[in-house]
Amino acid sequence: MKAHAAEGRLALQRCTACGNIQYPPRELCGVCLADTLEWRVTDDEPGEVLASTVLHHSHEPAFNGKLPIHVGLIRLDAGPTAIGFLTEACSAGTRVRVTAKLDYRGRAVLSAALAISKEVS
Amino acid sequence: MNDYGDVVVCAPVTVPYVRRSDKGAAWWLGSALRRLLEASGLAKRQVDGLCLSSFTLAPDGPAPFVQYVGLSPRFLEFLPTGGACGIMALRRAARAVQCGDADVVACIAGDTNGAESFHDLVAQFSSFSRDCVWPYGAGGPNESFALLTEHAMRRTGATRADFGKLCVAQRQWAQRNPLALLRGELTLETYLAARPIAVPLHLLDCVMPCAGADGYLVMRRVHAEVLGLRYVRILATIERHNAFPDDPIQWRGGWAMDADALWQRASIGPDEIDLVETYDDYPVISMLQFEDLGFCAKDAGADFIRRNEFGPGGNFPHNTGGGQLSCGQAGAAGGFLGLVEAVRQLTGAAEGRGVDGARHALIGGFGMINYDRGICTAAAVLAA
């Protein structure tokens, strides 16, 4: 997932045995327990915000200069739910497009932007 | 074999919580064990079962711990299940005693809280949390519970003032409990004016990490009587893990799967409960327990809070020692707090805050926010 995120692409795991698409990544399928997983790579995934929060406190100094931070729980149309940064204040029910990139520590992170903003741009 | 026969719970003990401690988890757990021996008059060799819960005991686990404190138990459980561990320990201990695998089981939970303990715990809480929650601002559990709270507020119409009502009532109880760390007067105005942490959560919605330990003993009734210990009976218990995995967001807990079985086995209903000890690391979880354990209909949680009074003298005594929100959360001991308080109440040991004539208590447990939801739920009905 990291390697794909480095190229700005979002990779979700797909089980070749049962078709389950899952996130967070695991070493086997959370449904049928097969370990025949492949990456399903896209530029972005459409989804819907289920809940959101605005962080005013962080346990890591690296985030302290960036507060407040908007974060949401997003249900991807592909199936799984994912926690991701919200690039703007999106309330529940908002349609978004979710992308992946590497963060300041080289971790793959997801960001959700209003679906409409992509169509406009 | 659903009933627990003549198995009883006794000797509720607490090693008084402190905000920070430079002692290790083994000191806290071992001190709880010492208090159990003092409270019961038992010798160490008579404790032949141990249920242990802790997050900060590493690199030690249950086996190193029994050597550390010089126990030789023939029954040993380690339950790193956070807020559900108190009831899970009770269930396992009760069956061990009932079936003869142990005569006396000490159930102990505790954690230390050094300068970096809480940060290290939440940063590495689980693989999903470390990889897929922590990078998003490192808000820790506040962040996950904020998402659940925001959703629950929309689902039920609950407002911050509704949650504040619960917090204020618990603080009134805490003012009668010398073991609570937060005993200053709390008004709804103060609650509402607290600084934002992870909106909609503000400072006084968030449990305060601390160090501490709690414990209790499980044995046969006749044994407790010989020791002269006051005891409570176990009417029914439930536990469930990873309930409703297909719910896109956690709007109900595992209690909703098992509440009917709980009341059926207890042979009483929610109306016959005299005091309720919910797991309250955040007030939204108390509201979820009111709904899912049958004290009100689903989605009626906010209305239930508005219609009832939860503090001393109220019609619905709730978290009668102050709950975690006023006592502090001593790691795994948070999973014991409500159970220990309920045993105190039902045995007349809740000095200065006893609920008059209390005969039945319900205790809820909720543990392990992994990724987007709490995984473990449990509940118990105890009787005087």
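As the structure is a prediction and not an experimental result, all values here were calculated from the model. (Residues numbered from 1 in each chain as written. Chains lettered and ligands numbered in written order. Predicted model: local features only at pLDDT ≥ 70, side-chain atom pairs only at ≥ 80, totals over all residues. Heavy atoms only, no water.)

1. Structural notes on the interface of chain B and chain A
The interface of chain B with chain A comprises 28 residues on the first partner and 32 residues on the second. For the pair chain B and chain A, the summed buried area comes to about 2,600 Å², and 65% of that belongs to carbon and sulfur atoms. By the criterion of area lost to chain A, the three top residues of chain B are Tyr-136, Leu-147 and Tyr-371 of chain B, representing 25% of everything that side buries. Here chain B and chain A share 0 salt bridges between them. Applying the counting rule to chain B against chain A returns 13 residue pairs in polar contact (both at pLDDT 80 or more). Broken down by secondary-structure element, the contributors of at least two residues to the side of chain B that touches chain A are α4 (117-123), α5 (127-132), α6 (141-156) and β5 (196-199) of chain B. In terms of residues, the side of chain B that touches chain A owes the most to one element, α6 of chain B, which gives 7 residues. (Contact = heavy atoms within 4.5 Å. Buried area = accessible area lost by both parts, 1.4 Å probe. Salt bridge = Lys/Arg side-chain N within 4 Å of Asp/Glu carboxyl O. Polar contact = N/O pair within 3.5 Å; in protein donor to acceptor, adjacent residues only side chain to side chain. Helix = DSSP H or I, 4+ residues; strand = E, 2+ residues; numbered from the N terminus.)

2. Some details on helix α7 (residues 160-174) of chain B
All names here are of chain B. Helix length check: α7 (15 residues) gives 21 Å between terminal C-alpha atoms against 21 Å at 1.5 Å per residue, within 8%. Most of α7 sits out of view: 12 of its 15 residues are buried. Residues of α7 that are buried include every one of Arg-160, Asp-162, Phe-163, Gly-164, Leu-166, Cys-167, Val-168, Ala-169, Gln-170, Arg-171, Trp-173 and Ala-174, and no others. Looking at the buried side of α7, the elements it contacts are α6, α8 (188-193), β6 (201-202), α11 (283-292), α12 (301-307) and α13 (323-327). (Expected span 1.5 Å × (residues − 1). Buried < 20%, exposed > 50% of the residue type's maximum accessible area, 1.4 Å probe, protein only.)

3. Some details on the pairing of strand β1 (residues 7-18) of chain B
Residue and element names in this part refer to chain B. Of all 12 residues that make up β1, 10 are buried, and the element is covered over most of its length. Of the strand pairs in this sheet, β1 and strand β7 (residues 211-220) are connected by 8 bridges, and their pairing is antiparallel. Residue pairing for β7: Val-13 is matched across the bridge by Gly-215. Inspection of the sheet shows β1 paired to strand β8 (residues 231-241) by 3 bridges, in the antiparallel sense. By the bridge assignment for β8, Val-8 is matched with Arg-233. (Pairing = 2+ DSSP bridges.)

4. Digging into the packing of α7 of chain B against α11 of chain B
Residue and element names in this part refer to chain B. Two elements in contact, α7 and α11, have axes whose closest approach is 9 Å; the angle formed by their N-to-C orientations is 95°. Viewed along their axes, α7 and α11 adopt a mutual orientation that is roughly perpendicular. In this structure, α7 uses Phe-163, Leu-166 and Cys-167 to contact α11, whose residues at the interface are Pro-283, Val-284, Ser-286, Met-287 and Phe-290. Taken together, the residues of the contact of α7 with α11 break down into 7 nonpolar, 1 polar and no charged. (Axes fitted to C-alpha atoms, helices over the stretch in contact; angles between N-to-C directions. Parallel < 35°, antiparallel > 145°, perpendicular 65-115°, else oblique. Nonpolar A, V, L, I, M, F, W, Y, C, P; charged D, E, K, R; others polar.)

5. Digging into the domain arrangement of chain B
All names here are of chain B. When cut into domains, chain B gives domain 1 (7-116 + 211-230) and domain 2 (151-208 + 232-383). Computed from C-alpha coordinates alone, the two centres of domain 1 and domain 2 are separated by 23 Å. Facing the 39 residues of domain 1 at the interface are 38 residues of domain 2. Here domain 1 meets domain 2 over a buried area of about 3,000 Å², counting both sides, of which 72% is carbon and sulfur. The interface formed by domain 1 and domain 2 contains 2 salt bridges. Counting the contacts that link domain 1 with domain 2 gives 9 residue pairs in polar contact (both at pLDDT 80 or more). Elements that contribute at least two residues to the side of domain 1 that touches domain 2 include exactly β1, α3 (85-98), β4 (105-111) and β7. The residue makeup of the side of domain 1 that touches domain 2, split by class, is 23 nonpolar, 10 polar and 6 charged. (Domains from an automatic or database assignment.)

6. A word on the layout of surface pockets
If a probe the size of a water molecule is rolled over the atoms, the empty space left behind becomes visible. The volume enclosed by the second largest pocket comes to roughly 710 Å³. If you go around the second largest pocket, you meet 25 residues; those closest to its centre are Tyr-23 and Arg-26 of chain A together with Pro-245, Asp-246 and Arg-373 of chain B. Within the residue set of the lining of the second largest pocket, elements represented by two or more residues are β2 (21-22) of chain A together with α5 and β11 (373-383) of chain B. In terms of residue class, the lining of the second largest pocket is built from 11 nonpolar, 8 polar and 6 charged. (1 Å grid on protein atoms, 1.4 Å probe; cavity = no way out; pocket = protein on both sides within 12 Å on 5 of 7 lines; lining within 4 Å. Points joined across faces, edges and corners; volume = space filled by probe spheres on them.)

7. Some points on the sheet that holds strand β10 (residues 360-370) of chain B
All names here are of chain B. The strand order β3-β2-β4-β7-β1-β8-β11-β10-β9 describes an open sheet built from 9 strands, whose pairing is mixed. The open sheet is flanked by β3 (75-78) and β9 (275-277), the only strands paired with a single partner. In this sheet, adjacent strand axes meet at a mean angle of 20° when their direction is disregarded.

8. Some remarks on the nonpolar core
Residues and elements named next belong to chain B. Counting residues in hydrophobic clusters, the biggest one holds 90 residues, and the most contacted among them are Phe-290 and Phe-295. Among the elements that line this core, the one with the most residues is α6, at 6 residues. If we ignore the near neighbours within four places in the chain, the residues touching Phe-295 are Trp-263, Pro-270, Ile-273, Val-276, Gln-289, Phe-290, Phe-304, Phe-316 and Leu-362. Membership of the second largest hydrophobic core comes to 42 residues, among which are Val-97, Ile-234, Val-340 and Leu-346. (Core = buried A, V, L, I, M, F, W, Y, C linked by side-chain atoms within 4.5 Å.)

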